Amino acid sequence: MPRFRLPTLPLLLATLLTPALAAAQPLVFTAIPDEDETRLQQRFQAVADYLAETLEVEVRFIPVTSYAASVTAFRNNQVQLAWFGGFTGVQARELVTGSRAIAQGVEDPEYKSYIIANRSTGLEPDDGDTAPEGLRDLTFSFGSQSSTSGRLMPEYFLREHLGSSPNALFTRIGFSGNHSRTISVVQSGAYQAGVVSYKAWENELEAGNIDLDRVQVIWETPPYPDYQWTVRGDIDERFGKGFTERLQQALLDMDDPELLASFPRAGFIPAENDDYQEIREVAQSLGLLD
């Protein structure tokens, strides 16, 4: 007759302490550095405080220096949650099995980019459906190479509308790294034109950082899906069954005007991976997604 054997003390302690240890681990998140880094730190520390209070776990925000670094941190489980752009979200979910887009801003299903130009170009605002022909043979700045609104979708529209690759279309191309710097280099005249997120433009305009006598919006792209919160697929193993749903609900319930203004978004709505299939297909068509 088989004898029942008590678990060894180390095994018993490990079994009893595992839930407590999981609960003691912090939830760490990051965000693509699409604007000035100091401003991002202020924005997302307030979000960390809100999530910590709502979820009753320690929450930490860690900044990253580039879009690529945000994807790497997510892949390496240095962060479990990230505020990604459309393309970086697709990249991250390709690398981490089971990861999910869980929330997006009310505005994000219909996002857009602004083509901006230095006043010295003589270009005037164009409300046409296609990119202006006057962009040909100018110098042009994108944002980050992995930016949805500062590179991926604008490049797609430029190719589709003007029938040329950026290398053929412009005399010189730059990648500023983020939207704030794109505005700065076009306003200064270092580049004659560039492309930025419409939200970043509105933020910088409100902050008094744009001189409309020197730079202006000349064209608005068609809409496309963009930013979203993406969570790793193994987060419930870390924080307990149902944590993903609790986290999603906390984001959807975020209604503090000051918190929302920091994104800025009117609120958050549910998101899922299929919402970004268009971004995935465009990235593949441009050879930007393996």
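Residues numbered from 1 in each chain as written. Predicted model: local features only at pLDDT ≥ 70, side-chain atom pairs only at ≥ 80, totals over all residues. Heavy atoms only, no water.

## A look at the nonpolar core
Counting residues in hydrophobic clusters, the biggest one holds 83 residues, and the most contacted among them are L27, F44, L51, W229 and L247. Sorting elements by how many residues they give to this core places helix α2 (residues 37–55) first, with seven residues. Dropping the residues within four chain positions of it, L51 is found in contact with E56, V59, L81, L247, A250 and L251. (Core = buried A, V, L, I, M, F, W, Y, C linked by side-chain atoms within 4.5 Å. Buried < 20%, exposed > 50% of the residue type's maximum accessible area, 1.4 Å probe, protein only. Helix = DSSP H or I, 4+ residues; strand = E, 2+ residues; numbered from the N terminus. Contact = heavy atoms within 4.5 Å.)

## Concerning the sheet that holds strand β7 (residues 172–175)
Taken in spatial order, the five strands line up as β7-β6-β8-β5-β9 in an open sheet, and their pairing is mixed. Of all strands in the sheet, those with a lone pairing partner are β7 and β9 (215–220), marking the two edges. With direction set aside, neighbouring strand axes in the sheet form an average angle of 30 degrees. Two strands pair when backbone bridges link them, and strand β6 (residues 139–142) and strand β8 (residues 193–197) are joined in this way by two bridges, in the parallel orientation. The residue of β8 that forms the bridge with F140 is A193. Where helix α7 (residues 179–188) meets the sheet, its contacts fall on β5 (113–118), β6, β8 and β9, and the angle it forms with β8 comes to roughly 155 degrees. (Pairing = 2+ DSSP bridges. Axes fitted to C-alpha atoms, helices over the stretch in contact; angles between N-to-C directions.)

## Points about the packing of aromatic side chains
All told, the structure shown has 24 aromatic pairs when counted by the stated rule. Note on F29 and F44: the rings are 6.2 Å apart at their centroids and 75 degrees apart in plane angle, and the pair reads as edge-to-face. Placement of the pair is F29 in strand β1 (residues 27–31) and F44 in helix α2, with a sequence separation of 15 residues. Overall, the relative accessible area of 1% leaves F44 in the buried class. Both rings, one in Y111 and one in Y198, keep their centres 5.0 Å apart while their planes meet at 65 degrees; by these two values the pair is edge-to-face. Of the two residues, Y111 sits in the loop between β4 (100–105) and β5 while Y198 sits in helix α8 (residues 198–206), which places them 87 residues apart along the sequence. Here Y198 falls in the buried class, since its relative accessible area comes to 8%. In this structure, K112 packs its charged tip against the face of Y198, placed 5.0 Å from the ring centre. (Phe/Tyr/Trp six-rings, centres within 6.5 Å; stacked < 30°, edge-to-face > 60°. Lys NZ or Arg CZ within 6 Å of the ring centre and 35° of its normal.)

## Notes on the pairing of strand β10 (residues 228–231)
What you see with β10 is no split at all: Q228 and T230 on one side and W229 and V231 on the other are buried throughout. Across three bridges, β4 lies against β10 in antiparallel orientation. Of the residues in β10, the one forming a bridge with R100 is V231.

## Describing the pattern of salt bridges
All chains considered together, the criterion is met by ten salt bridges. E155 is paired through a salt bridge with R151; the nearest N and O atoms lie 2.7 Å apart. Pair noted here: E155 and R151 are both in helix α5 (residues 148–162), with a separation of four residues, about one helical turn. Here E155 falls in the buried class, since its relative accessible area comes to 5%. For R151, a relative accessible area of 11% puts it in the buried group. In this structure, the salt-bridge partner of E155 is R159, at a minimum N-O distance of 2.9 Å. Within this pair, E155 and its partner R159 are both found in helix α5, separated by four residues, close to a single helical turn. (Salt bridge = Lys/Arg side-chain N within 4 Å of Asp/Glu carboxyl O.)

## Things to note about the sheet that holds strand β2 (residues 59–61)
Taking strand neighbours across the sheet as the criterion, the six strands line up as β2-β1-β3-β10-β4-β11 in an open arrangement whose pairing is mixed. Each of the sheet's edge strands pairs with one partner strand only, and the pair in question is β2 and β11 (268–270). Taken pair by pair, the neighbouring strands of this sheet meet at an average axis angle of 25 degrees, ignoring direction. Sheet contacts for helix α3 (residues 67–75): β1, β3 (81–84) and β10; angle to β3, the most-contacted strand, approximately 155 degrees.

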